[in-house]
Amino acid sequence: FVDPDFLERKVQWFPEYEFSAMREYLKEHWEYPYFLKSLSKNSARIISSDQDLDEFEAEVKRDDEFFSTTGYIVSEVLDIDKDTHGNREFRAYIVQWKVVNVSRNIIDTGIDIGHAPRLIPIGVQHFIEKFSQQHQQYFQTYVLDVAECKNGKISLVELNDFCHSGRFIDNDFWSILDSFA
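Throughout what follows, the structure given in this document is the object of discussion.

Calculation criteria
- Residues numbered from 1 in each chain as written.
- Predicted model: local features only at pLDDT ≥ 70, side-chain atom pairs only at ≥ 80, totals over all residues.
- Heavy atoms only, no water.
- Pairing = 2+ DSSP bridges.
- Helix = DSSP H or I, 4+ residues; strand = E, 2+ residues; numbered from the N terminus.
- Axes fitted to C-alpha atoms, helices over the stretch in contact; angles between N-to-C directions.
- Contact = heavy atoms within 4.5 Å.
- Phe/Tyr/Trp six-rings, centres within 6.5 Å; stacked < 30°, edge-to-face > 60°.
- Lys NZ or Arg CZ within 6 Å of the ring centre and 35° of its normal.
- Buried < 20%, exposed > 50% of the residue type's maximum accessible area, 1.4 Å probe, protein only.

### What about the sheet that holds strand 9 (residues 142-148)?
Backbone hydrogen bonds are what pair the strands of a sheet, in a parallel or an antiparallel way. Strand order across the open sheet formed by four strands is 8-7-9-10, with antiparallel pairing between neighbours. Unpaired on one side and paired on the other, strand 8 (98-104) and strand 10 (154-160) mark the two borders of the sheet. Ignoring strand direction, the axes of neighbouring strands in this sheet form an average angle of 25 degrees. Bridge count between strand 9 and strand 10: six bridges; the pairing is antiparallel. Across the sheet, residue Asp145 finds its bridge partner in strand 10, namely Glu158. Helix 3 (residues 122-134) contacts strand 7 (89-95), strand 8, strand 9 and strand 10 of the sheet and is inclined by roughly 140 degrees relative to strand 9.

Here it is as structure tokens:
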């Protein structure tokens, strides 16, 4: 569904997979390192060794007592650019094909919210608008995470529904809610 022009890496989705079946597939078709995340978002990490994969599996099994893991996403590691405020990653809320809110991710950076960067780079804004326009036949309302990469390009990080996405610092709840009216 996603136009490859928006991706800077290989991504594969494993819906409804048993971990053991996926593990065998990964060993045959993927090389370390890669990024692995449960669709429930309870487990996510870079996998660089068999031990990392064992630890991820153990974490998923522990989490399954509380959350149902319905599948996994594996991708090549994205080399996200950083500055003094952390990763240059952004979250956009798209409602009925319209970009209603974009914010910078400063989660887990220790930055005082009052000193957080508020400007969204023009290139990021254009990327989000273009993505929204070119994917109207597939997606209507969703959350889009994008990042500026060290190679100077902007890439899709992930695409989620509203139920699986928290807000970044300037993702204003009321403006998002008002956009449904």
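### Considerations on the packing of aromatic side chains
Considering all chains together, one arrives at 10 aromatic pairs under this definition. A connected cluster of aromatic rings, assembled from ring pairs, spans Phe131, Tyr138, Phe139 and Tyr142. Across from the ring centre of Trp30, 4.0 Å away, lies the NZ or CZ of Lys10, which sits over that ring.

### Structural notes on the pairing of strand 8
The element strand 8 is extensively covered by neighbouring structure, given that five of its seven residues are classed as buried. Sheet topology places strand 7 next to strand 8; six bridges connect them, and they run antiparallel. Of the residues in strand 8, the one forming a bridge with Val95 is Lys98. A loop of two residues connects strand 7 with strand 8, the two strands running antiparallel in sequence, and Gln96 in this loop sits at a positive phi of about 50 degrees.

Shape is all these values report; function is a separate question.
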